[in-house]
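Here's the letter readout for the chains.
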Amino acid sequence: MDEITLNKQEKAKNVKCKKTQKGVTLIALVITIIVLLILAGITLNLALDENGIIRKAIDVSKNYKEAEENEKKELNEFQSNLDGMLSGKPIKGEELPNPPEILTGMKKVMFKTPTDTEIGKTIKDGEEGFDSGNWYNYKEKRWANVETNDGSMWVWIP
């Protein structure tokens, strides 16, 4: 064969290859675009759905602000309680308890104060030295004591 014929045959092969390559490239491009559109749809659905990332970010932001406000409120309450403790006022929620309730068969009992010579001795209600108004004082940690008819001693500790 002569050279011109060979060149024509090679050109024909090249043209056929180029046409085939252009067709494959176009199909690959279309498939790629379709896959990208599907991925974009999934991404938008995940981002904008009611359970999506953006909604969750908004919810987290609201929860953070609420937690911050609650923490500020608790810190302010703690500070006021601390100020009250330092000034001697009762702490909110820790007011003095109700006074003891004396039932039938109980007698109020006071212990002599540590300055007395008879430490550990008791004074019962009705005996000399018993002070009904000073029987107990929770602020001074002087607890209410009673004695039952059988001789048992009981104490109210708040």
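Structure: see above.
Here goes a summary of the coordinates provided. (Residues numbered from 1 in each chain as written. Predicted model: local features only at pLDDT ≥ 70, side-chain atom pairs only at ≥ 80, totals over all residues. Heavy atoms only, no water.)

## Considerations on the overall build of the protein
For clarity, the cut-off: For the purposes of this entry, the term helix denotes a DSSP run of H or I that reaches at least four residues, the term strand denotes a run of E that reaches at least two, and both are numbered from the N terminus. Accessibility here uses a 1.4 Å probe with only protein chains present; expressed as a share of the type maximum, an area under 20% marks a residue as buried, one over 50% as exposed, and anything in between as partly exposed. Should any heavy atoms of two residues lie within 4.5 Å, those residues are counted as being in contact.
If you tally the helices and strands in the protein, you get two helices and four strands. When the elements of the protein are put in sequence order from the N terminus, they spell out α-α-β-β-β-β. Counting all 158 residues of the protein, 11% fall into the buried class. Here the contacts in the protein between residues at least 6 apart in sequence split such that 38% fall between residues at least 24 apart.

## Here we look at the pairing of strand β1 (residues 106-111)
Basically, it comes down to this: Strands are treated as partners if at least two bridges between them are detected by DSSP.
Note: β1 against strand β3 (residues 144-148), four bridges, orientation antiparallel. Counterpart to Lys107 in the pairing with β3 is Glu147. With three bridges connecting them, β1 and strand β2 (residues 122-124) associate as antiparallel partners. Of the residues in β2, the one forming a bridge with Met110 is Ile123.

## A closer look at the pairing of strand β4 (residues 153-156)
Bridge count for β3 against β4 is four bridges, and the pairing is antiparallel. For Val146, the partnering residue across the bridge sits in β4 and is Trp154. Between β3 and β4, which pair antiparallel one after the other, the connecting turn spans four residues, and Gly151 there sits at a positive phi close to 95°.

## Quick word on the sheet that holds β4
Quick note on the threshold: Fitted lines through C-alpha atoms serve as axes, helices being fitted only where they are in contact, and the angles separating the N-to-C directions of these axes extend from 0 to 180 degrees.
Read from one edge to the other, the open sheet built from four strands follows the order β2-β1-β3-β4, with strand pairing classed as antiparallel. Of all the strands in the sheet, just β2 and β4 have a single pairing partner and so form its edges. Geometrically, the sheet is characterised by an average inter-axis angle of 35° between neighbouring strands, direction not taken into account.

## Considerations on the side chain of Lys108
Which entries qualify depends on this criterion: By the counting scheme adopted, Arg and Lys are positive, Glu and Asp are negative, and His together with the chain ends is not counted. Note on definitions: salt bridges are taken to be side-chain nitrogens of Lys or Arg within 4 Å of carboxyl oxygens of Asp or Glu.
Of note, Lys108 is situated in strand β1. No salt bridge is formed by the buried Lys108; the nearest opposite charge belongs to Asp125, separated by 4.8 Å.

## Points about the pattern of salt bridges
Applying the stated rule across the entire model yields one salt bridge. Lys124 is the salt-bridge partner of Glu147, the closest N and O atoms lying 2.8 Å from each other. Note that Glu147 is positioned in strand β3 and Lys124 in strand β2, a separation of 23 residues in sequence. Judged by relative accessible area, which is 17%, Glu147 ranks as buried. Exposure remark for Lys124: the relative accessible area of 25% places this residue in the partly exposed category.

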